[in-house]
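# Observations on the model geometry
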Amino acid sequence: MGGMPTLKLYNTLTREKADFRPIDPQNVRMYVCGPTVYDYAHIGNARPIIVFDVLFRLLRHVYGESHITYARNITDVDDKINARALRDYPGLPLNEAIRRVTEKTETQFLEDAAVLGCLDPTVQPRATESIPQMVEIIEKLLAKGHAYESEGEVLFDTKSMADYGQLSKRNLDEQQAGVRVAVEAHKKNPGDFVLWKLSQEHEPGWESPWGRGRPGWHIECSAMSVRYLGEVFDIHGGGLDLIFPHHENEIAQSRCAHGTSVMANVWMHNGFLQVEGRKMSKSEGNFVTIYQLLHTETFGGRKWPGEVLRLAMLMTHYREPIDFSIKRLEEAEHLLSRWPAPGEATGEADASVVAALVDDLNTVAAIQALHALAQKASADAQYLGVFAASAALIGVLPKEIELDEAVVEEIDGRVRARLELLKTKNYAEADAIRADLLARGVQLKDGKDPETGERVTTWEVKRSKV
């Protein structure tokens with residue numbers, strides 16, 4: 001790492017920020033909970049995708065691109081998906097039928113992630129491809145007395161784990177207060193959760209030692225993480241809403257099955273997202289998908305570029321709640337319009353940007369440092385490479401805008417008209433044209449022809465709207 005400052009990360013497990021020490025610097029391993037591909041991903045799903053992509057980029061910068069293994073799963077084991085697969089493709093094997101049901105939404109999710117500037121993870125396992133690993137973990141839990149069978153289900157026995165609840169800091173006895181015991185009569189403890197449930201004849205299922213059935217929600221991530229990252233790995237990420245019960249139960253399953261003291265050394269969680277100051281929900285009428293933001297005029301009466309959505313998301317620290325609003329998007333777009341389009345990232349990232357990011361992904365400070373670099377690069381082209389490499393660390397690299405012929409002709413015509421107005425000293429109308437073009441992201445630059453001495457005007461698109 002040379003003279004690079006030490007990476008510090010906030011760990012939900014310990015409730016403190018500490019130096020990050022990978023188990024093996026030659027293979028730093030990170031797992032992030034991905035989407036359930038039943039429907040298009042919403043803007044809340046975009047936040048962890050973007051946040052942990054920045055962390056992925058930073059880890060690659062610190063330890064080397066070939067020394068990071070980033071697994072982000074695709075959840076395609078879901079009762080709604082299973083039921084639709086059985087209904088629509090009754091003649092196909094279950095995994096193949098599920099693939100048919102989910103391939104459109106999965107493809108759209110991957111396209112959305114790419115437009116948001118996210119790199120592909122090292123591996124993107126599908127839950128349906130790890131059923132044998134889930135069965136193996138459940139068998140271990142049963143053999144070690146951490147699970148039991150009851151009324152067609154295999155359940156995890158939360159009382160069998162002395163320190164269950166350490167991630168969420170929930171006391172097990174407190175959790176049981178108010179639970180409707182009648183509904184949970186087949187459980188030893190109200191907090192016990194399903195590892196495997198039998199399927200009725202009309203329901204989809206996979207064969208297992210306990211009969212034809214399907215896995216519970218939490219077991220899939222325990223199976224996929226051990227398969228691709230090992231019994232103990234470095235970082236586990238996801239949204240704040242997953243701490244309990246999902247991540248808590250992942251820890252319980254994995255630790256008890258493998259006999260380890262931890263599942264992952266560092267647990268990181270991004271904060272909640274609101275839309276225009278309110279919790280996002282279909283009933284509120286403010287439920288918006290990534291696809292809608294990118295491709296329709298649903299939000300704010302216009303489409304939004306992926307880099308604007310990404311920058312708007314990173315303008316709030318990842319652990320803080322975020323209010324996703326039209327105003328915030330406009331602020332991000334305005335900021336981007338003032339950054340140069342340097343092309344490829346050819347320089348070394350600036351120390352100021354790196355220092356901000358290694359301090360628990362402080363993207364707010366990183367963006368401030370980037371803006372200062374952008375101003376330097378706009379004034380002096382020798383800084384373009386440094387700016388590009390620094391901007392690439394957060395995945396927001398302004399690109400040259402390609403305009404179609406009609407737009408270019410229209411702008412050229414406006415520029416010629418302005419020159420004629422200047423010749424007749426009609427400065428007010430000439431200034432109005434300049435201001436109008438600038439509002440559209442087109443910046444004019446006046447100069448003199450070296451041979452004739454006449455005024456000439458060139459123009460460039462600074463980023464945005466044209």
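Residues numbered from 1 in each chain as written. Predicted model: local features only at pLDDT ≥ 70, side-chain atom pairs only at ≥ 80, totals over all residues. Heavy atoms only, no water.

The subject of this paragraph is the pairing of strand β6 (residues 153–156). With burial as the criterion, each face of β6 is covered, one bearing E153 and L155 and the other bearing V154 and F156. In terms of strand pairing, strand β5 (residues 147–150) meets β6 through 4 bridges, oriented antiparallel. Bridge pairing in β6 places Y148 opposite L155. Counting the residues between successive antiparallel strands, the hairpin from β5 to β6 contains 2 residues, one of them, E151, with a positive phi of roughly 50 degrees. Sheet topology note: the β6/strand β7 (residues 193–198) ladder contains 4 bridges and is antiparallel. Its bridge partner lying in β7, E153 is registered against K197. (Buried < 20%, exposed > 50% of the residue type's maximum accessible area, 1.4 Å probe, protein only. Helix = DSSP H or I, 4+ residues; strand = E, 2+ residues; numbered from the N terminus. Pairing = 2+ DSSP bridges.)

The subject of this paragraph is the nonpolar core. Counting residues in hydrophobic clusters, the biggest one holds 76 residues, and the most contacted among them are I43, L59, L311 and W339. If we ignore the near neighbours within four places in the chain, the residues touching L59 are L7, F20, V28, M30, G64, I68 and I235. In terms of nonpolar packing, the next biggest core, distinct from the first, is built from 45 residues, A147, L167, M224 and C256 among them. (Core = buried A, V, L, I, M, F, W, Y, C linked by side-chain atoms within 4.5 Å. Contact = heavy atoms within 4.5 Å.)

Averaged over all residues, the pLDDT of the protein is 91; the fraction at 70 or higher stands at 94%. Here residues 176–183 is modelled with pLDDT under 50, and outside its nearest four sequence neighbours on either side it reaches 5 contacts, counting other chains as well. (pLDDT = per-residue confidence, 0-100.)

One can find N95 in helix α3 (residues 94–115). The class of N95 is partly exposed, set by a relative accessible area of 31%. A sequence separation of 111 residues divides N95 from W206, and the C-alpha atoms of the two residues are 9.2 Å apart. Excluding anything up to four places from it in sequence, N95 contacts T128 and W206.

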